[in-house]
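Next come the chains, spelled out residue by residue.
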Amino acid sequence: MTARLQQVYRELLQRFGPQHWWPARSPFEMMVGAILTQNTAWRNVERSIAALDDAGALLPRAMVKLSTDELQELIRSSGFFRQKSRYLHSLAQTIVNECQGDPLALLKGELSAVRRRLLALPGIGPETADSILLYAGLQPVFVVDAYTRRIFSRLGVLTGDESYSAIQAIFMDHLPHDASLFNEYHALLVHLAKVHCLSRKPRCEGCPLVGECENIFKTG
Ligand code: SF4
């Protein structure tokens with residue numbers, strides 16, 4: 001399994017090059033983006049981030065001062081804006097109240113304890129928590145998302161109905177615990193899913209993984 005996972009990584013990196021993730025200028029912006037990107041395309045998140053930035057609200061102390069209506073308006077482009085405004089206010093409030101306004105202080109401590117702390121916040125599930133740990137906290141945690149499940153199911157590594165933690169364990173048990181490797185690997189999978197391994201009709205022609213893929217589409 002180790003050799004297979006490393007081979008996939010090498011092929012993707014060779015073809016696509018480094019992805020320079022996460023596209024954020026600060027740990028708090030990264031956390032905000034991780035919540036806003038739930039169930040929406042990244043281009044919609046970019047518009048919300050730009051609106052928050054223009055309003056000077058990409059700091060926890062500034063965000064908590066926004067009214068619910070103001071915050072909802074600023075993040076409207078990301079969809080589910082009522083829910084997401086509650087999640088963002090809660091995150092910002094926690095950082096202000098418990099971390100003296102320092103987002104990185106939220107991520108300090110023993111990894112599993114920090115992960116539990118994140119998961120206890122509203123709107124933060126395993127994928128969002130692990131994204132924050134990896135991309136804001138620089139912790140060696142492999143992020144699993146729908147793209148990971150789709151690609152590795154088609155490659156024949158997964159059946160597709162494994163749990164989040166079972167899929168994560170496959171990567172964490174067979175790859176070195178290296179935050180920069182996990183950073184790049186996840187970003188490359190997202191890129192592959194967007195340019196080749198599409199949900200309904202994968203564009204297998206030209207895919208760097210076509211030679212080792214067991215999916216039925218590659219001959220279609
Ligand atoms: S060959 Fe096709 S199905 Fe397989 S990983 Fe590439 S795009 Fe996805």
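Our structure is the block above this text.
Throughout, a residue's number is its position along its own chain's written sequence, starting from 1. Restriction of local features to residues with pLDDT of at least 70 applies here, the model being predicted, together with a cutoff of 80 or more for giving and counting side-chain atom pairs; totals for whole chains, interfaces and linings are based on all residues. Remark: hydrogens and water are excluded; side-chain values derive from all non-hydrogen atoms of the structure.

(A) Examining the site of the ligand more closely. For this purpose, a residue is taken to be near a molecule or strand whenever a single non-hydrogen atom of the residue falls within 4 Å of it. Lining the immediate environment of the ligand, one finds Arg154, His196, Cys197, Pro202, Cys204, Cys207, Val210, Cys213 and Asn215. Residues are grouped as follows: Ala, Val, Leu, Ile, Met, Phe, Trp, Tyr, Cys and Pro are nonpolar; Asp, Glu, Lys and Arg are charged; every other residue, Gly included, is polar. Each residue belonging to the shell around the ligand can be placed in one class, and the counts come to six nonpolar, two polar and one charged.

(B) Region of interest: unusual backbone geometry. For the bond running from tryptophan 21 to tryptophan 22, omega is -5 degrees, close enough to zero to count as cis. Helix numbering and strand numbering both begin at the N terminus, where a helix is a DSSP run of H or I of at least 4 residues and a strand a DSSP run of E of at least 2. Mapping tryptophan 22 onto the fold places it in the loop between helix 1 (2-16) and helix 2 (27-36). Not every positive phi belongs to a glycine, and histidine 20 is a case in point at roughly 55 degrees. Under the relative-accessibility criterion, histidine 20 is labelled exposed at 66%. Positive phi outside glycine occurs at asparagine 39, with the angle close to 60 degrees. With respect to the helices and strands, asparagine 39 occurs in the loop between helix 2 and helix 3 (42-54). Three labels apply to residues, based on accessible area from a 1.4 Å probe with only protein chains included: buried if under 20% of the type maximum, exposed if over 50%, partly exposed otherwise in between.

(C) Inspection of the side chain of asparagine 183 at higher detail. Here asparagine 183 shows up in helix 11 (residues 179-195). In this structure, asparagine 183 is in contact with Trp21, Leu134 and Tyr135, ignoring residues within four places of it in sequence. Throughout, a residue-residue contact means that at least one pair of heavy atoms, one from each residue, lies within 4.5 Å.

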